[in-house]
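Chain residues, written in single-letter form:
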Amino acid sequence: MPVRRVPVSQPLLGPEETHHVNEALAKGAISGFFGDYLPMFEQEFAAYCECKHGVSVSSGTTALHLALATLSIGPGDEVLVASLTNMATFFAVLYQGAHPVPIDSEADTQNLDPKLLRARITPKTKAILVVHLFGHPVDMDPVMEIAREHNLYVIEDCAEAHGALYKGRKVGGIGDIGCFSFYANKVITTGEGGMLTLNNAEWAARARNLKGLAFGDKNKFMHKDIGYNYRMTNLQAAIGHAQFGKIEQIITAKREIADKYARRLGGRDDLQLPVEKPYARNVHWMYMVLLAGRNAGRRAEVMRALLQKGVESRENFLPYNMQEIFINRGWTRVDECPVANDLGLRGFYLPSGPAISDEEIDYVCQSLIEALDQ
Ligand SMILES: *Cc1c(COP(=O)(O)O)cnc(C)c1O
């Protein structure tokens, strides 16, 4: 039995969160329609993303779905999507009855490879859905150029990349709509929650209406559309407001954790570490490593050895084209995105919570090196 446990992540919660939640409770402002924390959190977070509008929602998944619904992407439309991602990204496209087209990954950043986009564009293509994976921004200039050429929308899945920079610009405001998650393990959290960030006032109003059952203007119960209840509550926004106050502190911590791991684990030919391209500020949401060389096929063994030492880790995502639920429907083939498959099978992430201590990082590295050298 392990004598200690190093969790993969733990949110940084303190008296600020308690204070703001209690204040919301004391006012009875607990729903998703009323309360000061909702507009406060939306405005501060949107401004942080260099966007005019923030529309809070109940999760990252509902943020993605609401973005696609707002842009009226639906049956008959195709959306180019990074194959290696949390499957929520693909589910959102499927909720709209649109057809997702998986795009393979870059071997180093693990993000979608913009060079592969052009070949997958058809007259039905309506949008590109990029995912800034593990905190590293996608190479957005070529994506935006292709989108302009073909008149496509660009949606950014920023669920893992709050505060990441592409050529000095915040992710979430580079494409048409940014979609964030505030799930418990994300850079900042509201427990469950999400947000759309955007500059187009008309789309912001439409998203806001749709997320609250699309009530009518003059007559509330004459609905404007088939709406959703995707509202974030004021209680969640109260947590979000407190978390927002620590966002740079958390990102600094994550970047320092990554530096420490890199110093201890660098220089091995059986371990590939995360990169930071010259165009990027990587916020290192989770420290994702890839087994290589003689250890390339030993992930299960290595993760088991870590767990025996009390060190938690998590496998990389499995890409869209490896999911049986989609292969069985005839929508994709395993070999459609070979780089993503390879990354998905070799990758796993190490404990990366903002409160991890130097001593814990040393312990994780020592346990990992022992497992690799076995
Ligand atoms: C977490 C995550 C989501 C889903 O967010 P939820 O808040 O869990 O619904 C979507 N995309 C990516 C890339 C994620 O990491």
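Because the structure is a prediction, the values reported are computed rather than measured.

**Q** Even after reading the chapter, I still don't get the overall build of the protein, so can you show me in this structure?
**A** For the protein, the count of helices and strands is twelve helices and 14 strands. Taking 2.2 N^0.38 as the reference for a compact globule, 374 residues should give roughly 21 Å; the C-alpha atoms of the protein span a radius of gyration of 21 Å, in line with that estimate. Summing over all exposed atoms, the protein offers an accessible surface of approximately 15,800 Å²; the carbon and sulfur share of this is 53%.

**Q** Would you explain the sheet that holds strand 8 (residues 177–181) in this entry?
**A** Strand pairs in the sheet, formed through backbone hydrogen bonds, run parallel or antiparallel to each other. In spatial order, the strands read 1-9-8-5-4-2-3; together these seven strands make up an open sheet with mixed pairing. Taken across any chain shown, the strands that pair with only one partner, and hence form the sheet edges, are strand 1 (53–57) and strand 3 (99–103). The sheet shows a mean angle of 20 degrees between the axes of neighbouring strands, direction not considered. Relative to strand 9 (residues 194–198), strand 1 runs antiparallel, the two being bridged by five bridges. Residue Ser-56 lies in a different strand from strand 9, and its bridge partner there is Met-195. Contacting strand 1, strand 5 (153–157), strand 8 and strand 9, helix 6 (residues 201–211) runs over the sheet at an angle of about 15 degrees to strand 1.

**Q** What am I meant to see in the side chain of Ser-352 here?
**A** Structurally, Ser-352 can be placed in the loop between strand 14 (347–350) and helix 12 (358–373). Every residue in contact with Ser-352, bar those within four places of it in the chain, is listed here: Val-8, Lys-254, Ile-257, Trp-285, Met-286 and Tyr-287.

**Q** How should the environment of Ile-73 be read in this particular structure?
**A** Examined against the element boundaries, Ile-73 turns out to sit in the loop between helix 3 (60–70) and strand 2 (78–82). Of the residues examined, Ile-73 reaches a relative accessible area of 1% and is grouped as buried. Dropping the residues within four chain positions of it, Ile-73 is found in contact with Leu-68, Val-79, Gln-96, Ala-98, Lys-126, Ala-127 and Tyr-153.

**Q** Is there a simple way to think about the nonpolar core in this case?
**A** If you look at soluble globular proteins, the nonpolar side chains tend to sit buried side by side. Ranked by internal contacts, the top residues of the largest apolar core, which has 60 residues, are Phe-41, Phe-45, Ile-128, Met-140 and Val-143. When residues of this core are sorted by domain, at least three fall in each of domain 1 (15–105 + 113–244) and domain 2 (247–373). Not counting the four nearest positions on each side in its chain, Ile-128 is found in contact with Leu-80, Leu-117, Val-143, Ile-146, Ala-147, Leu-152, Tyr-153, Val-154 and Ile-155. Grouped together as the second largest cluster of nonpolar side chains are 32 residues, Leu-66, Ala-98, Ile-155 and Ile-177 included.

**Q** I would appreciate a short explanation of helix 12 in the present structure.
**A** Each α-helix turn comprises 3.6 residues. Residues three or four places apart therefore point the same way. A rise of 1.5 Å per residue sets the reference length of helix 12, with its 16 residues, at 22 Å; its end C-alpha atoms lie 22 Å apart and thus fit the reference within 8%. Turning to helix 12, its buried residues number three or more, namely Glu-360, Ile-361, Tyr-363, Val-364, Cys-365, Ser-367, Leu-368, Ala-371 and Leu-372. Looking at the packing, one finds that the buried side of helix 12 touches helix 8 (247–265), strand 10 (271–272), strand 12 (287–291), helix 9 (299–308) and strand 14.

**Q** Hey, could you run me through the domain arrangement of the protein in this one?
**A** The accessible area lost on association of the parts is a frequent measure of interface size. One can read the domain layout of the protein as domain 1 (15–105 + 113–244) and domain 2 (247–373). If you average the C-alpha positions of domain 1 and of domain 2, the two centres end up 25 Å apart. Contact residues are listed per partner, giving 37 residues for domain 1 and 35 residues for domain 2. Summed over both partners, the interface of domain 1 with domain 2 comes to about 2,900 Å²; 68% of that surface belongs to carbon and sulfur atoms. Sorting the residues of domain 1 by area buried against domain 2 places Leu-84, Phe-134 and His-136 first, and these three jointly supply 23% of that buried surface. Our count for the contact surface shared by domain 1 and domain 2 stands at one salt bridge. Between Glu-336 and Arg-120 there is a salt bridge, with the nearest N and O atoms lying 3.0 Å from each other. Counting the contacts that link domain 1 with domain 2 gives 16 residue pairs in polar contact (both at pLDDT 80 or more).

**Q** Looking at this structure, I do not really get the site of the ligand. What am I missing?
**A** Near the ligand lie 16 residues; those nearest to it are Thr-61, Asp-157, Glu-160, Ser-181 and Lys-186. Between the ligand and Gly-60, the relevant distance is 2.8 Å, taken from an oxygen atom to a main-chain nitrogen or oxygen of the residue. Lys-186 has a polar side-chain atom sitting 2.7 Å from an oxygen atom of the ligand. Against a free-state accessible area of 380 Å², the protein chains account for coverage of 91% of the ligand. Among the elements that line the shell around the ligand, the one with the most residues is helix 3, at three residues.

The rules behind the values
- Residues numbered from 1 in each chain as written.
- Predicted model: local features only at pLDDT ≥ 70, side-chain atom pairs only at ≥ 80, totals over all residues.
- Heavy atoms only, no water.
- Helix = DSSP H or I, 4+ residues; strand = E, 2+ residues; numbered from the N terminus.
- Rg over C-alpha atoms; globule rule 2.2 N^0.38 Å.
- Areas by Shrake-Rupley, 256 points an atom, 1.4 Å probe, with all protein chains shown as cover.
- Pairing = 2+ DSSP bridges.
- Axes fitted to C-alpha atoms, helices over the stretch in contact; angles between N-to-C directions.
- Contact = heavy atoms within 4.5 Å.
- Buried < 20%, exposed > 50% of the residue type's maximum accessible area, 1.4 Å probe, protein only.
- Core = buried A, V, L, I, M, F, W, Y, C linked by side-chain atoms within 4.5 Å.
- Domains from an automatic or database assignment.
- Expected span 1.5 Å × (residues − 1).
- Buried area = accessible area lost by both parts, 1.4 Å probe.
- Salt bridge = Lys/Arg side-chain N within 4 Å of Asp/Glu carboxyl O.
- Polar contact = N/O pair within 3.5 Å; in protein donor to acceptor, adjacent residues only side chain to side chain.
- Near = heavy atom within 4 Å.

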